[in-house]
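Per-entry structural report
Chain residues, written in single-letter form:
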Amino acid sequence: QVQLVESGGGLVQAGGSLRLSCAASGYTFSSYAMGWFRQAPGKEREFVSFISWIGGSTYYTDSVKGRFSISRDNAKNTVYLQMNNLKPEDTAVYYCARHNGGSYREGGRYVYWGQGTQVTVSS
């Protein structure tokens, strides 16, 4: 079965860094693009970042450009989200998801999702 497991979240002060990981299993990892999303309390789920099949193309929502970096290690079936210079506004549950076509943002087809990992940024 397809399974995505996020890890690496935690509590960090503003300006700090965290590295999230998403371990994938149950499918040919390198054949699919992957995305990171987040959902803050009381808000809709928001697209954060996207990486293509082999990592050649990446996209970021405007609010994280220059601060976050997505990468993947296909040999380890893992997607990473390096988050630097974190802000309180980044506080959310972060999810990784497998892309299945369409837009790389919310309107795209993301079929499989992880359980999420909590990121809390204090001011």
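Below is a short write-up of the structure. (Residues numbered from 1 in each chain as written. Predicted model: local features only at pLDDT ≥ 70, side-chain atom pairs only at ≥ 80, totals over all residues. Heavy atoms only, no water.)

1. With respect to the nonpolar core
With 26 residues, the main nonpolar core has Met34, Trp36, Phe68, Val79, Leu81, Met83 and Tyr94 as its most contacted residues. Mapped onto this core, the elements with two or more residues apiece are strand E3 (18-25), strand E4 (34-39), strand E5 (46-51), strand E7 (68-73), strand E8 (78-83), strand E9 (92-99) and strand E11 (117-122). Here this core gets 4 residues from one element, more than from any other, and that element is E3. The contact partners of Met83, leaving out residues within four places of it in the chain, are Gly16, Ser17, Leu18, Leu20, Arg67, Phe68, Tyr94 and Val119. Listed in part, the 6 residues of the second largest apolar core include Phe47, Phe50, Ala97 and Tyr110. (Core = buried A, V, L, I, M, F, W, Y, C linked by side-chain atoms within 4.5 Å. Buried < 20%, exposed > 50% of the residue type's maximum accessible area, 1.4 Å probe, protein only. Helix = DSSP H or I, 4+ residues; strand = E, 2+ residues; numbered from the N terminus. Contact = heavy atoms within 4.5 Å.)

2. Re the side chain of His99
Along the polypeptide, His99 turns up in strand E9. Judged by relative accessible area, which is 10%, His99 ranks as buried. A polar contact of 3.1 Å, which involves the side chain of His99, links it to the backbone oxygen of Gly101. Engagement of the side chain of His99 in a polar contact is seen with the backbone oxygen of Gly102, the distance being 3.2 Å. (Polar contact = N/O pair within 3.5 Å; in protein donor to acceptor, adjacent residues only side chain to side chain.)

3. Description of the pairing of E3
With 5 bridges joining them, strand E1 (residues 3-7) and E3 adopt antiparallel strand pairing. Among the inter-strand pairings, Gln3 is bridged to a residue of E3, identified as Ser25. (Pairing = 2+ DSSP bridges.)

4. Focus: the environment of Lys43
Within the fold, Lys43 resides in the loop between E4 and E5. Overall, Lys43 belongs to the exposed group, its relative accessible area being 56%.

5. Some thoughts on unusual backbone geometry
The backbone of Asn77 shows a phi angle near 55 degrees, a positive value even though the residue is not glycine. Position of Asn77 among the secondary structure elements: in the loop between E7 and E8. Given the relative accessible area of 28%, Asn77 is considered partly exposed. Phi is positive for Asn85, close to 50 degrees, though the residue is something other than glycine. Given a relative accessible area of 43%, Asn85 falls into the partly exposed group.

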